[in-house]
Amino acid sequence: MSKFIQNFLLSFAMATSVFAWLDQAHFGIVNYKLLNIPIFFIVLMALSFVIAEDVRNSFKKVLKFEQRQDKRPIWQVGIGMIFFFTQIGFVELFARQLMPFNLGGMPLYIVFSFMNAFLITVIYEEIFYREEKISDQFRFKKLK
């Protein structure tokens, strides 16, 4: 279940990023919509979902995730990044009217996305992250 959610959110982030680039280029293919969702975005989402697992695995190899003793910090950063970019992509595609607001020069949607990503990562970790318990930590010494 956790991998499916991660792959879905990663594919959403990839599809929204590519779609935002093409939308700014004013290609005609991005104008066709079905229930207010661009058809080209649905196609991009499906293609992104096919490669999402490979993208996740390549990031794990680059960051040497499997070789680390403590996997938790890099796991949190990875999940947080997925949540952050998914929210940014949502605003880019479906809520562009929220983009002009600023907080001291910083776009407000980025501030909210960062805060939400942090909170969602903590909640997600409580639900899905399973830490391996090492029983050797609590081994008592024999007394003579």
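Right above here is the structure, for reference.
Let me begin by describing the structure that accompanies this report.

Some thoughts on the overall build of the chain
And then number 1: Each helix and strand in the chain was counted, giving four helices and four strands.
And then number 2: Mapped from its N terminus to its C terminus, the chain presents α and β elements in the order α-β-β-α-α-β-β-α.
And then number 3: The buried share of the chain, reckoned over its 144 residues, is 30%.
And then number 4: Surface summary for the chain: the accessible area is close to 10,800 Å², and the carbon and sulfur share equals 67%.

Side note on the environment of Arg 96
And then number 1: Its location among the elements puts Arg 96 in the loop between helix H3 (72-94) and strand E3 (102-103).
And then number 2: Setting aside residues up to four positions removed in sequence, Arg 96 forms contacts with Ala 20, Asp 23, Gln 24 and Val 91.

Describing helix H1 (residues 2-24)
And then number 1: An ideal rise of 1.5 Å per residue puts 33 Å on 23 residues; H1 measures up with 33 Å between its terminal C-alpha atoms.
And then number 2: Along H1, the residues classified as buried are Ser 2, Gln 6, Asn 7, Leu 9, Leu 10, Ser 11, Phe 12, Ala 13, Ala 15, Thr 16, Phe 19 and Ala 20.
And then number 3: Just downstream of H1, His 26 is the residue with a positive phi angle, here 60 degrees.

Observations regarding the packing of aromatic side chains
And then number 1: Overall, the coordinates contain six aromatic pairs when judged by the stated rule.
And then number 2: A ring pair is formed by Phe 4 and Phe 8, whose centres lie 6.4 Å apart and whose planes are at 20 degrees; its orientation type is stacked. Highlighted residues: Phe 4 and Phe 8, both in helix H1, separated by four residues, approximately one helical turn.
And then number 3: Ring centres of Phe 90 and Phe 94 lie 5.5 Å apart, and the angle between their planes is 40 degrees; this geometry places the pair in the tilted category. With Phe 90 and Phe 94 both in helix H3 and four residues apart, this pair spans about one turn of that helix.
And then number 4: A relative accessible area of 30% means that Phe 94 is categorised as partly exposed.
And then number 5: Feature note: the residues Phe 4, Phe 8 and Phe 49 constitute an aromatic cluster, connected by ring pairs.

A short note on the environment of Phe 59
And then number 1: Looking at where Phe 59 falls in the secondary structure, it is placed in helix H2 (residues 39-62).
And then number 2: A relative accessible area of 43% places Phe 59 in the partly exposed class.
And then number 3: Spatially, the C-alpha atoms of Phe 59 and Gly 78 are 8.9 Å apart, while their sequence positions differ by 19 residues.

Thoughts on the pattern of salt bridges
And then number 1: Under the criterion given, the structure shown has one salt bridge.
And then number 2: Here Glu 53 and Arg 56 are joined by a salt bridge, their closest N and O atoms 3.0 Å apart. Of this pair, Glu 53 and Arg 56 both sit in helix H2, three residues apart, which is roughly one turn of the helix.
And then number 3: Judged by its relative accessible area of 8%, Arg 56 falls in the buried class.

Describing the nonpolar core
And then number 1: Among the nonpolar cores identified, the biggest contains 16 residues, and Leu 10, Trp 75, Ile 79, Phe 83 and Tyr 124 are the most heavily contacted of them.
And then number 2: When contributions to this core are tallied by element, the ones reaching two or more residues are H1, H2, H3 and helix H4 (108-128).
And then number 3: Non-local contacts of Ile 79, meaning those with residues more than four positions away in its chain, are made with Gln 6, Thr 121 and Tyr 124.
And then number 4: Grouped together as the second largest cluster of nonpolar side chains are eight residues, Phe 19, Leu 44, Met 45 and Leu 93 included.

What counts and how
Residues numbered from 1 in each chain as written. Predicted model: local features only at pLDDT ≥ 70, side-chain atom pairs only at ≥ 80, totals over all residues. Heavy atoms only, no water. Helix = DSSP H or I, 4+ residues; strand = E, 2+ residues; numbered from the N terminus. Buried < 20%, exposed > 50% of the residue type's maximum accessible area, 1.4 Å probe, protein only. Areas by Shrake-Rupley, 256 points an atom, 1.4 Å probe, with all protein chains shown as cover. Contact = heavy atoms within 4.5 Å. Expected span 1.5 Å × (residues − 1). Phe/Tyr/Trp six-rings, centres within 6.5 Å; stacked < 30°, edge-to-face > 60°. Salt bridge = Lys/Arg side-chain N within 4 Å of Asp/Glu carboxyl O. Core = buried A, V, L, I, M, F, W, Y, C linked by side-chain atoms within 4.5 Å.

Spatial relationships are all this shows, so hold off on functional conclusions.
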